[in-house]
Amino acid sequence: MKIIKILNNNAVIAVDECLHEQVMMGRGLAFQKKVGEHIDPGQVEKIFSLQGNALNARLSELLAEIPLEVLTTTEKIIELAQLRLGDVLSNNLFIPLSDHCHFAVTRFQQGITLPNALLWDIKRLYPREYAVSLEALDIIEQRLGVRLPEDEAGYIAQHLVKGQLKGEMSEVVQVTGVMQEILQIVKYQLRLDYREDTLSYHRFTTHLKFFAQRMLSRDLVHSEDESLHDEVKNLYPQAWQCVLKVEQHIQQQYAYALTKEEKMFLAIHIERVRKETRHQ
């Protein structure tokens, strides 16, 4: 690999024999190097393949500003998230999460903290992502020597949710709002007191997360098999009535008509939650 641009002592842009550009990171990788010289593969710790001018420019800017220790710490957090959540995260998560971690550490060292207004909702709606984010705070403390407050776990969890939805952070806020609305409708319609530690609740919130994302993006789900739809309707009458309330709300607030398959799956999840939840 031949250097075509030096970003800092720890990062370069290089090309291979096919002229494919890659960003390479490693401690002291570019120390006393010049454009045109070759990279020692043994010093390379991380490689990014560049796709498009926008990514090239943003990553170059990021690597020029952020210490290598923060970048490698972010990589450890993403590896942990992939292990805990499965291989569902967008490849584009590294840049915004690195940026956030660097900004959070810098702010904390300056004595500035930002309360997370969504922290309580994040704990309830995204428990798996939040649990990973608490572990991420441990990783940051171990590697960077800074113990960030719990609010930052909420912000990291939002990035992990965004990495799964593959959208903008504003979309995460919208999705969270839709989830809250549906959970409230179900709670009051069935007079439930949610048990947030149950598998059925976790499955329900996960389903709602991706339902809300599809609904907001108008990504319809259709099924030609109506027999199971009718069977669910008959087997779970209480859950089905609840689904009709949800459908009415979604239609009024978002001008979106639920498909039969969406109503069927909502009813199944609501019924599971109903059976495992205390009634008020």
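Residues numbered from 1 in each chain as written. Predicted model: local features only at pLDDT ≥ 70, side-chain atom pairs only at ≥ 80, totals over all residues. Heavy atoms only, no water.

### Regarding the overall build of the protein
Inference 1: What the protein contains, in helices and strands, is eleven helices and six strands.
Inference 2: Partitioning the contacts of the protein with sequence separation of at least 6, the portion at a separation of at least 24 is 67%.
Inference 3: Element-wise, carbon and sulfur atoms account for 49% of the exposed surface of the protein, whose accessible area totals about 14,400 Å². (Helix = DSSP H or I, 4+ residues; strand = E, 2+ residues; numbered from the N terminus. Contact = heavy atoms within 4.5 Å. Areas by Shrake-Rupley, 256 points an atom, 1.4 Å probe, with all protein chains shown as cover.)

### Describing the nonpolar core
Inference 1: Judged by nonpolar contacts, the single largest core of 74 residues is most densely connected at I182, V186, Y194, F204, I250 and I270.
Inference 2: Of the residues forming this core, the biggest block, nine residues, is contributed by helix α7 (residues 169-190).
Inference 3: Residues within four places of F204 in sequence aside, it is in contact with L183, V186, Y194, L266, H269, I270 and V273.
Inference 4: By size, the runner-up hydrophobic cluster in this structure holds seven residues, among which are A14, L29, A30 and I39. (Core = buried A, V, L, I, M, F, W, Y, C linked by side-chain atoms within 4.5 Å. Buried < 20%, exposed > 50% of the residue type's maximum accessible area, 1.4 Å probe, protein only.)

### Overview of the confidence of the model for the protein
Inference 1: On average, residues of the protein score 83 in pLDDT, and 90% of them reach the 70 mark or higher.
Inference 2: Taken element by element, the predicted model of the protein shows its lowest mean pLDDT in strand β6 (residues 278-279) (58) and its highest in helix α5 (residues 127-144) (95). (pLDDT = per-residue confidence, 0-100.)

### Section: the pairing of strand β1 (residues 2-8)
The side chains of a regular strand alternate between the sheet's two faces.
Inference 1: Sheet topology places β1 next to strand β2 (residues 11-15); five bridges connect them, and they run antiparallel. Within the sheet, the bridge partner assigned to I3 lies in β2 and is A14.
Inference 2: Hairpin connection, β1 to β2: the antiparallel pair is bridged by two residues. (Pairing = 2+ DSSP bridges.)

### A closer look at the side chain of Q213
Inference 1: Position of Q213 among the secondary structure elements: in helix α8 (residues 199-217).
Inference 2: A relative accessible area of 18% places Q213 in the buried class.
Inference 3: A polar contact of 3.4 Å, which involves the side chain of Q213, links it to the side chain of E171.
Inference 4: Once residues within four sequence positions are removed from consideration, Q213 is found in contact with L165, E171 and V175. (Polar contact = N/O pair within 3.5 Å; in protein donor to acceptor, adjacent residues only side chain to side chain.)

### Describing the packing of aromatic side chains
Inference 1: Under the defined criterion, the tally for this structure stands at one aromatic pair.
Inference 2: Taking NZ or CZ as reference, R107 lies 4.8 Å from the ring centre of F103, over its face. (Phe/Tyr/Trp six-rings, centres within 6.5 Å; stacked < 30°, edge-to-face > 60°. Lys NZ or Arg CZ within 6 Å of the ring centre and 35° of its normal.)

### Overview of the pattern of salt bridges
Opposite charge on two side chains lets them pair, provided their charged atoms get close.
Inference 1: Tallying each qualifying case throughout the model produces eleven salt bridges.
Inference 2: Residue E196 pairs with R124 through a salt bridge whose shortest N-O separation is 3.2 Å. With E196 in the loop between β5 (192-193) and α8 and R124 in helix α4 (residues 119-125), this residue pair connects regions lying 72 residues apart in the sequence.
Inference 3: Note that D138 is salt-bridged to R147, the shortest N-O span being 2.6 Å.
Inference 4: One connected set of salt bridges, linked through shared partners, spans D121, R124 and E196. (Salt bridge = Lys/Arg side-chain N within 4 Å of Asp/Glu carboxyl O.)

### Description of a nonpolar patch on the surface
Inference 1: Residues F103, I112 and L114 make up a contiguous nonpolar surface patch of roughly 270 Å² in combined accessible area.
Inference 2: The residue F103 is located in helix α3 (residues 94-109) in this model. (Patch = residues over 30% accessible without salt bridge, like charges linked within 9 Å, V, L, I, M, F, W, Y side chains within 5 Å.)

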